[in-house]
Amino acid sequence: GVSLMATPVFLLITAGLEVCGIDAEGYNIQYHIGMFAFSLLMFCFGFWWFAKIISKKYQLTDKQKWIFLPILIASPWLFTAMYAVMYANNYLFFCFVAALALILKIKEQPERKLYIYLFFFLVGLITVIRPTSLIFLVILPYFFESWKSFFAFVKTYLFRLNVLSIGFLIFAIPIAYQF
């Protein structure tokens, strides 16, 4: 999963090193710096997006939004962004936030199947990166008014045969990449 997400960045770093005349063998410090920078960018963008989603949900004022700064600084995600050997945690965090944003978009525009299928793809990607991280799905009801509205939403928009069959095929794309 991480390799799937990191491939474009790896190719950009390789091309950049070739243009600069630096040996692009994959073990240079330049590769590590580039991958670290991308991972940190994924974390920061994901955190900014998450803060935006929460701010919208709770209608926070600009003054109240500053609470996210100490959370960002004290976050274990930031710690792993700075010290992890592999960057899966930052990619996962970004995928969680993207999945959450897609659920909210599906709530707003349930007739747009593209959002539903992108959600299935992200869940497949999360499964490939770290299967135990699917536990994030338990927070989805939190963004609905009640359990009843959550189950009604799932039944109406996700548990349709055509949506489930196409969704399963899309979910399988990142998983098939591993074989």
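The rules behind these values
- Residues numbered from 1 in each chain as written.
- Predicted model: local features only at pLDDT ≥ 70, side-chain atom pairs only at ≥ 80, totals over all residues.
- Heavy atoms only, no water.
- Axes fitted to C-alpha atoms, helices over the stretch in contact; angles between N-to-C directions.
- Helix = DSSP H or I, 4+ residues; strand = E, 2+ residues; numbered from the N terminus.
- Parallel < 35°, antiparallel > 145°, perpendicular 65-115°, else oblique.
- Left-handed = near helix turned anticlockwise from the far one by under 90°.
- Contact = heavy atoms within 4.5 Å.
- Patch = residues over 30% accessible without salt bridge, like charges linked within 9 Å, V, L, I, M, F, W, Y side chains within 5 Å.
- Areas by Shrake-Rupley, 256 points an atom, 1.4 Å probe, with all protein chains shown as cover.
- Salt bridge = Lys/Arg side-chain N within 4 Å of Asp/Glu carboxyl O.
- Core = buried A, V, L, I, M, F, W, Y, C linked by side-chain atoms within 4.5 Å.
- Buried < 20%, exposed > 50% of the residue type's maximum accessible area, 1.4 Å probe, protein only.
- Nonpolar A, V, L, I, M, F, W, Y, C, P; charged D, E, K, R; others polar.

Asker: Could you give an account of the packing of helix α5 (residues 88–108) against helix α6 (residues 113–129), with specific residues and numbers?
Answerer: For the pair α5 and α6, interaxial distance at closest approach is 9 Å and the crossing angle is 160°. When the axes of α5 and α6 are compared, the pair comes out roughly antiparallel. Crossing angle aside, the handedness with which α5 passes α6 is left-handed. Residues Ala 88, Tyr 91, Leu 92, Cys 95, Phe 96, Ala 98, Ala 99, Leu 102, Ile 103, Lys 105 and Ile 106 of α5 touch α6, and the partners they reach there are Tyr 115, Ile 116, Leu 118, Phe 119, Leu 122, Leu 125, Ile 126 and Ile 129.

Asker: Describe a nonpolar patch on the surface, and please don't skip the residues or the numbers.
Answerer: Together, Tyr 58, Ile 135, Val 138, Ile 139 and Tyr 142 line one region of the surface with nonpolar side chains, adding up to about 530 Å² of accessible area. You can see Tyr 58 is positioned in helix α2 (residues 29–58).

Asker: I'd like a rundown of the nonpolar core, residues and numbers included.
Answerer: If you look at the biggest cluster of nonpolar residues, it comprises 52 residues, and the most contacted ones within it are Ile 53, Tyr 91, Ile 106, Ile 116, Phe 119, Leu 122 and Ile 129. Secondary structure elements with two or more residues in this core: α1 (2–20), α2, α5, α6, α7 (147–158) and α8 (161–176). The biggest single contributor to this core is α5, with 16 residues. In contact with Ile 116, other than residues within four places in its own chain, are Ile 106, Pro 110, Tyr 157, Leu 158 and Val 163.

Asker: Account for the pattern of salt bridges, naming residues and giving values.
Answerer: Counting across every chain of the model gives three salt bridges. Glu 108 serves as the salt-bridge partner of Lys 56, at 3.4 Å between the closest nitrogen and oxygen. Separated by 52 residues along the polypeptide, Lys 56 in helix α2 and Glu 108 in helix α5 bring together distant segments of the chain. Residue class for Lys 56 comes out exposed when judged on its relative accessible area of 60%. A residue is classified by how much of its surface remains accessible, and Glu 108, at 46% relative accessible area, is partly exposed. The partner of Lys 107 in a salt bridge is Glu 145, and the shortest N-O contact between them spans 3.7 Å. Residue Lys 107 is located in helix α5, and its partner Glu 145 is located in the loop between α6 and α7; the two are separated by 38 residues in the primary sequence. Looking at Glu 145, the relative accessible area reads 68%, which means it is exposed. Put simply, Lys 56, Lys 105 and Glu 108 are held in one network by salt bridges that share partners.

Asker: Would you mind going over the packing of α6 against α8 in detail, with residue names and values included?
Answerer: One way to put it is that α6 packs onto α8 with a least axis distance of 7 Å and a crossing angle of 40°. Looking at the two axes, α6 sits oblique to α8. In this structure, the crossing between α6 and α8 has a hand that is right-handed. Contact residues: α6 offers Lys 113, Ile 116, Tyr 117, Phe 120, Phe 121, Val 123, Gly 124, Leu 125, Thr 127 and Val 128, while α8 offers Asn 162, Val 163, Leu 164, Ile 166, Gly 167, Ile 170, Phe 171, Ile 173, Pro 174 and Ile 175. Considered class by class, the residues forming the contact of α6 with α8 number 15 nonpolar, four polar and one charged.

Note that every value here comes from positions in space, so none of it alone points to a role or purpose.
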